Amino acid sequence: MVYSKIIGTGAYVPARIVKNDELSKMVETNDEWITSRTGIKERRISIGERTYQIAAKAATEAIKNAGIDKKDIDMIILATITPDFFMPSTANLVQAELGLEDIPSFDIAAGCTGFVYGLQIADQFIKSKQSKTILVIGAEVLSKVTDWSDRNTCVLFGDGAGAVVLKSSNQEGIICTYTGSQGDLQESLTLPAVPLKNPFLQVQNNNGKPNHISMCGKEVFQFATRIMIKSISQVLNKSNLLIDDIDYIIPHQANIRIIDHVARELKVERQRFIINLDRFGNTSSASIPLALDEAHKKKIFCPGNRVIMVAFGGGLTWGAALSNWTM
Ligand code: UT7
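For every chain, the first residue of the written sequence is number 1, and numbering continues from 1 onward in sequence order. It should be noted that, the model being predicted, local features are given only for residues of pLDDT at least 70 and side-chain atom pairs only at 80 or more, the latter also being counted only at that level, while totals for whole chains, interfaces and linings use all residues. With hydrogens and water stripped out, all remaining heavy atoms of the structure feed into the side-chain values.

The name given to the chain in an unreviewed UniProt entry is Beta-ketoacyl-[acyl-carrier-protein] synthase III, with the source organism recorded as Candidatus Sediminicultor quintus. UniProt positions are given in the numbering used here, feature names are shortened, and annotations may be inferred rather than shown by experiment. In UniProt, the chain has this text filed under Pathway (unreviewed entry): "Lipid metabolism; fatty acid biosynthesis." The Catalytic activity (unreviewed entry) comment attached to the chain in UniProt states, word for word, "malonyl-[ACP] + acetyl-CoA + H(+) = 3-oxobutanoyl-[ACP] + CO2 + CoA".

Here it is in structure tokens:
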């Protein structure tokens, strides 16, 4: 039996730190509101680095941490909602930046669930023996699509990248994955692309929405708490495990109150949740691999631990991956 397992992690965040107090000079907000409503104290903001550049830095660290030759990488899957171009994909740019030749590389857009979707796809490629060593990256420069005059959203997001190397193994790493989507809830969290405009339109369309994130926070909050619990239950049921068999949960880092709600419902102590949103905010596709890398560097996980990564995001999308920790 062939399995896939994580053999290396890496992360990169821009150096510029923006604390809540700095935002309170830009919009009508304050540190007390942001901290008590979200748990976020500060975030990192790119002052020039592009998505592919921070992605490549996280990937380089993951390859080094895995102790492999970068030429062993036979696929790159990159999750992002903030690509540098529609074409080429950000994964293509990372491939060039890392100096890797001829391998397939592509982006996936699944909102903040992108990294979990990426893990699921990589796991399938490895289990079907079409690939052996896959780089899965989550990378975002959300600051370029943030409306910095909208206090409902600008206090939430940050920039960063995280990556893992997934390798084929006869030892079970990833136990199971689960993903879902519900497009009819699209309006609650959107980031528009290019509006339809061409010389052949009968009526010229000048009212395309600006390309920044807009969100109905309350709707997303309620959805998030429900769907995180469902996603966790799905991977537990599929693997015949109970929540008490799980050592750690790495949730999408959106809001500490969402995580607390999930912890209470599942009757899991907060210490078993990996949390770093206080320092990085919501980094969308990057949030889980960033938190995973930090926990690994802090030696929080032991070989034999079971870890669930669980996310939700624009789409709306959701998903979870349950893995043995083998490093
Ligand atoms: O990756 C997925 C992305 N998104 C999420 O996970 C977001 C999920 N939702 C949330 O995290 C929360 O809904 C928010 C943090 C976005 C908002 O928290 P809330 O407790 O749902 O606040 P609210 O939207 O109900 O707003 C409460 C009040 C409002 O004022 P009034 O109408 O009561 O006078 C807002 O105008 O807080 C006001 N408000 C703010 N005040 C100070 C909204 N944003 C701010 C702000 N600073 N930044």
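A. Summary view of helix 8 (residues 256–266). Each residue is placed in one exposure class: buried if its accessible area under a 1.4 Å probe, protein chains only, is under 20% of its type's maximum, exposed if it is over 50%, and partly exposed if it falls in between. Each helix is a run of DSSP H or I of at least 4 residues and each strand a run of E of at least 2, with the numbering of both proceeding from the N terminus. Among the residues of helix 8, those classed as buried are I256, I258, I259, V262, A263 and L266. For helix 8, the angular spread of buried residues about the axis comes to 160°, placing them on one side. Of the surrounding elements, those touching the buried residues of helix 8 are helix 2 (31–38), helix 7 (217–239), strand 11 (248–251), helix 9 (277–280) and strand 12 (306–313). Throughout this description, a polar contact denotes any pair of N or O atoms lying within 3.5 Å of each other; where both atoms belong to protein, one of them has to be capable of donating a hydrogen while the other can accept it, and for residues adjacent in sequence the pair is counted only when both atoms sit in side chains. Where helix 8 begins, one side-chain oxygen reaches toward the backbone nitrogen of R257, 2.8 Å away; that side chain belongs to N255. One or two residues past the end of helix 8 sits K267, with phi positive at roughly 55°. By arc we mean the arc of the directions from the helix axis to the C-beta atoms, nothing more. Whether two residues are in contact is decided by their heavy atoms: any pair within 4.5 Å suffices.

B. Molecular detail of the site of the ligand. Inspection of the region around the ligand gives 22 residues, with T29, R37, K218, N255 and N282 positioned closest. At 2.8 Å from an oxygen atom of the ligand is found a side-chain nitrogen or oxygen belonging to R151. Contacts to the ligand include R257, whose side-chain N or O atom sits 2.8 Å from an oxygen atom. Here the open area of atoms and residues is found with the Shrake-Rupley method and a 1.4 Å probe, where only the protein chains shown may cover a residue. About the coverage of the ligand: the protein hides 76% of its 950 Å² of free accessible area. Residues are labelled near a given molecule or strand when at least one of their non-hydrogen atoms is within 4 Å of it.

C. Inspection of the environment of G48 at higher detail. Examined against the element boundaries, G48 turns out to sit in the loop between strand 3 (42–44) and helix 3 (51–66). When the C-alpha positions of G48 and P14 are compared, they lie 9.1 Å apart, and in sequence the two are 34 residues distant.

D. How the structure looks around the sheet that holds strand 13 (residues 317–324). Should DSSP find at least two bridges between two strands, the strands are regarded as paired. Judged by pairing direction, the sheet is mixed, and its 4 strands sit side by side in the order 8-13-12-11 without closing on themselves. Either end of the sheet is taken by a strand with one partner, and the two such strands are strand 8 (174–181) and strand 11. Put simply, the sheet's adjacent strands are angled 10° from each other on average, direction ignored. Here strand 11 runs beside strand 12; their pairing, made up of 4 bridges, is parallel. Helix axes are fitted only over the stretch in contact, all axes being lines through C-alpha atoms; the angle between N-to-C directions runs from 0 to 180 degrees.

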